[in-house]
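These are the residues of each chain, in order.
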Amino acid sequence: MNAHPTPTPTGARSRTASPPDPQRLVAVYLNDHLAGAGGGVSLIRRMARTHRGTPAGPPLAELAEEIAEDRESLREFMTALDVPAQWPRVAAARLAEKAARLKLNGRLVKRSPLSDVLELEAMRLGVEGKASMWRSLRVLAVTDSRLDLAAVDRLLARAGRQASVLEVLRVEAARRTFATPSPGPARAHGRSSRHGVPGRARWAS
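Positions within a chain are numbered from 1, following the residues in the order the chain's sequence is written. Only residues with pLDDT of 70 or above have their local features reported here, since the model is predicted, and side-chain atom pairs are shown and tallied only from 80 upward, although totals for entire chains, interfaces and linings are computed over all residues. The side-chain quantities take in all heavy atoms of the structure and omit both hydrogens and water.

## Some words on the overall build of the chain
The helix and strand tally for the chain stands at seven helices and zero strands. Buried, partly exposed and exposed residues are distinguished by accessible area as a fraction of the type maximum, computed with a 1.4 Å probe on protein chains only: under 20%, between the cut-offs, and over 50%, respectively. Counting all 205 residues of the chain, 33% fall into the buried class. Residues count as neighbours in contact if any of their non-hydrogen atoms are within 4.5 Å of one another. For the chain, contacts bridging at least 24 residues in sequence account for 79% of all contacts bridging at least 6. Only the protein chains shown count as cover for residues, and the accessible areas themselves come from Shrake-Rupley with a 1.4 Å probe. Entry remark: accessible area of the chain is about 13100 Å², with carbon and sulfur atoms responsible for 59%. By definition, any uninterrupted DSSP run of H or I lasting at least four residues is a helix, any uninterrupted run of E lasting at least two residues is a strand, and each is numbered from the N terminus.

Here it is, written out as structure tokens:
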């Protein structure tokens, strides 16, 4: 009879003996969102500058200010949870946002008519991801007094408003980009509409 127990492989023992560390998982999760927030702030600010002086300019400028504030709120939550920012990850996200400007959108140098649609879609997805993060933090805030539950709720509601504004702008950009203009004498001769109301101003191209 063998008196010695069968040794357990070191790898198996380490995998079963170390449960996940919630603090580490929260740190990874929030730093991922902080990196995404940095790219989103850069993109929305560039969009606001590009469309300055157009009908889309004011709502984009307001969104740029709010989204930058949201990033600061995330940093405050991270500080409250003792989660340090991993700046290399944030810097990598900034580089990725800049590289995304070279996407194949039909033109190599100038902005394509597709640029407005693609950028608005990217921002809409980013805001929806941010809303999901606020929902996750809300789950934590219910039991963790370090987080302000009311503040999380306000940020979650604001993300919903931001998504609605971006969707209106996205639909308008898609209409301008993809809709075929109907022929007519007024359009052919460049005249205004029957009621004297000019057509919608185009965004920067």
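## What to know about unusual backbone geometry
Located in the positive-phi region is Asp 82, a residue other than glycine, with phi close to 60 degrees. Mapping Asp 82 onto the fold places it in the loop between α3 (57-80) and α4 (87-99). Of the residues examined, Asp 82 reaches a relative accessible area of 58% and is grouped as exposed.

## A look at the layout of surface pockets
A 1.4 Å probe that fits but cannot get out identifies a cavity on a 1 Å grid over protein atoms alone, an open set with protein on both sides within 12 Å along at least five of seven lines counts as a pocket, and a residue lines either if it has an atom within 4 Å of a point. Grid points are joined across faces, edges and corners, and a volume is the space filled by probe spheres set on the points. As a volume, the second largest pocket reaches approximately 390 Å³. Taken together, 22 residues line the second largest pocket, and the ones lying closest to its centre are Gly 36, Ala 37, Gly 39, Gly 40 and Gly 126. If you list the elements that add at least two residues to the lining of the second largest pocket, you get α2 (22-50), α3, α4 and α5 (113-141). Each residue is assigned to one of three groups, with Ala, Val, Leu, Ile, Met, Phe, Trp, Tyr, Cys and Pro labelled nonpolar, Asp, Glu, Lys and Arg labelled charged, and all others, Gly among them, labelled polar. Its residues placed into classes, the lining of the second largest pocket shows 12 nonpolar, six polar and four charged.

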